[in-house]
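So you can see what is in the structure, the chains are spelled out below.
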Amino acid sequence: MTNNTQQQFLQAMGIPIWVERSPAQTEHLPTQNNQIWTELKQRVANCQACQLHCTRTQTVFGVGNHNANLLLIGEAPGAQEDLKGEPFVGRAGQLLDNILSAIGFSREQIYIANILKCRPPSNRDPAPDEVNQCTPFLLQQIELLQPKLIVSLGRISAHYLLNTTTSIAQLRGRVFNYGAQQTPLLVTYHPAYLLRNPIDKRKAWEDWQKIWNYLHEHNAIN
Ligand code: SF4
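Residues numbered from 1 in each chain as written. Predicted model: local features only at pLDDT ≥ 70, side-chain atom pairs only at ≥ 80, totals over all residues. Heavy atoms only, no water.

This part is about the site of the ligand. Taken together, Cys-47, Ala-49, Cys-50, Leu-52, His-53, Arg-56, Lys-117, Cys-118, Gln-133, Cys-134 and Phe-137 form the complete shell of residues around the ligand. One can see that the ligand is located within the largest cavity. The residue inventory of the shell around the ligand, partitioned by class, reads seven nonpolar, two polar and two charged. (Near = heavy atom within 4 Å. 1 Å grid on protein atoms, 1.4 Å probe; cavity = no way out; pocket = protein on both sides within 12 Å on 5 of 7 lines; lining within 4 Å. Sits in = over half its atoms within 2 Å of the grid points. Nonpolar A, V, L, I, M, F, W, Y, C, P; charged D, E, K, R; others polar.)

See below:
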């Protein structure tokens with residue numbers, strides 16, 4: 001993303017321009033536990049634990065840096081993710097990339113995963129039994145990553161991770177602790193929601209500023 005494009009995006013969002021981080025801060029870290037990751041990915045690819053295996057083109061395991069401090073967790077693959085095998089592609093993915101770029105991040109520095117690894121038909125909400133069957137894979141990803149911050153993207157992700165039905169409007173802007181490790185967790189809007197509701201982009205930008213500030217204050221920018 002060029003500086004010019006980034007500035008156009010920020011201008012469109014009506015938000016201030018951030019100073020780009022130095023190359024030393026964007027250095028790619030070496031991966032660890034590659035064998036475990038490979039085996040887990042293969043288990044997901046072979047999984048037939050719920051009905052979604054019948055309608056998927058392929059599983060969408062997750063993508064990113066195995067040493068990432070920041071883990072983004074979305075809902076489930078959509079049509080384009082199902083075709084490509086990667087989370088957050090298409091327009092929502094582009095918006096996410098723009099947001100990440102605006103705070104000086106690339107996909108190579110973070111890790112992105114979903115609650116479900118297979119696409120629900122017609123992009124319906126995940127069914128409870130599908131979530132129950134699939135989330136052990138996500139929990140293993142979290143265990144392997146041990147991120148310093150989890151960002152929950154959207155309602156489905158937030159409700160599962162926080163075991164609540166509270167609205168996103170009430171959850172965003174607060175720091176929660178997730179799991180036995182008490183990993184800090186922040187909630188913000190899903191990029192696909194922001195495409196449908198651009199009026200909330202300003203609030204989303206406030207969330208991402210908070211995410212950046214948290215990582216910066218805790219020396220968690222890699
Ligand atoms: Fe297996 Fe998850 Fe796909 Fe269901 S959604 S088949 S549990 S990988």
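Between its first and last C-alpha, helix α2 (residues 34-46) extends 18 Å over 13 residues, near the 18 Å set by a 1.5 Å rise per residue. Buried residues of α2: Trp-37, Leu-40 and Val-44, and no others. Around the axis of α2, the buried residues are gathered within 65° of arc, so they sit on the same side. Exposed and facing more than 90 degrees away from the buried side of α2 are Gln-35 and Asn-46. Along its buried surface, α2 packs onto β3 (111-114) and α5 (128-145). (Helix = DSSP H or I, 4+ residues; strand = E, 2+ residues; numbered from the N terminus. Expected span 1.5 Å × (residues − 1). Buried < 20%, exposed > 50% of the residue type's maximum accessible area, 1.4 Å probe, protein only. Arc of directions from axis to C-beta. Contact = heavy atoms within 4.5 Å.)

Enumeration according to the criterion identifies seven salt bridges in this entry. Arg-124 is paired through a salt bridge with Glu-130; the nearest N and O atoms lie 2.6 Å apart. Using a relative accessible area of 29% as the deciding quantity, one classes Arg-124 as partly exposed. Salt-bridge contacts for Arg-155 lead to Asp-125; the nearest nitrogen and oxygen are separated by 3.0 Å. On the criterion of sequence distance, the pair formed by Arg-155 in helix α6 (residues 155-162) and Asp-125 in the loop between β3 and α5 is long-range, its members being 30 residues apart. Residue classification places Asp-125 among the partly exposed positions, given a relative accessible area of 39%. It is possible to trace a salt-bridge network through shared partners that takes in Glu-86, Asp-97 and Arg-107. (Salt bridge = Lys/Arg side-chain N within 4 Å of Asp/Glu carboxyl O.)

Relative orientation and spacing of two packed helices are given, respectively, by the angle between their axes and the distance between those axes. It is at 11 Å that the axes of α2 and α5 come closest, and there the two elements cross at 170°. Accordingly, the angle class assigned to the pair α2 and α5 is roughly antiparallel. Between α2 and α5, the contacting residues are Ile-36, Trp-37, Leu-40, Arg-43 and Val-44 on the first element and Phe-137, Gln-140, Gln-141, Leu-144 and Leu-145 on the second. (Axes fitted to C-alpha atoms, helices over the stretch in contact; angles between N-to-C directions. Parallel < 35°, antiparallel > 145°, perpendicular 65-115°, else oblique.)

Attention now moves to empty space enclosed by the protein. The final tally for this structure, using the stated rule, is one cavity of 30 Å³ or more. In this structure, the largest cavity occupies an estimated 100 Å³ of space. In terms of lining residues, the largest cavity is bounded by 15 residues, among which Cys-47, Cys-50, Arg-56, Cys-118 and Cys-134 are the most central. Residue contributions to the lining of the largest cavity peak at four residues, all from α5. Each residue belonging to the lining of the largest cavity can be placed in one class, and the counts come to nine nonpolar, three polar and three charged. (Points joined across faces, edges and corners; volume = space filled by probe spheres on them.)

For the rest of this paragraph, the subject is the side chain of Arg-172. With respect to the helices, strands and loops of the structure, Arg-172 is situated in the loop between α7 (168-171) and β5 (176-178). Owing to a relative accessible area of 16%, Arg-172 belongs among the buried residues under this scheme. From its side chain, Arg-172 meets the backbone oxygen of Lys-203 in a polar contact 3.0 Å long. Beyond its immediate sequence surroundings of up to four residues, Arg-172 is in contact with Val-187, Tyr-189, Lys-203, Glu-206 and Asp-207. (Polar contact = N/O pair within 3.5 Å; in protein donor to acceptor, adjacent residues only side chain to side chain.)

So, about the nonpolar core. Leu-72 and Trp-208 are the most contacted members of the largest nonpolar core, which totals 60 residues. Setting aside residues no more than four positions away along its own chain, Trp-208 makes contact with Leu-72, Leu-96, Ile-99, Leu-100, Ile-103, Val-151, Leu-153 and Thr-188. (Core = buried A, V, L, I, M, F, W, Y, C linked by side-chain atoms within 4.5 Å.)

Gaps left between atoms are located by rolling a probe of water-molecule size over the structure's atoms. Computed from the structure, the largest pocket encloses a volume of approximately 650 Å³. As for the largest pocket, its lining consists of 29 residues, of which Glu-75, Ala-76, His-190, Ala-192 and Arg-196 are closest to the centre. Breaking the lining of the largest pocket down by element, the ones donating at least two residues are α3 (79-84), α4 (90-102), α6, α7 and α8 (191-196). At four residues, α8 tops the list of elements feeding residues into the lining of the largest pocket. The class makeup of the residues in the lining of the largest pocket is 14 nonpolar, eight polar and seven charged.

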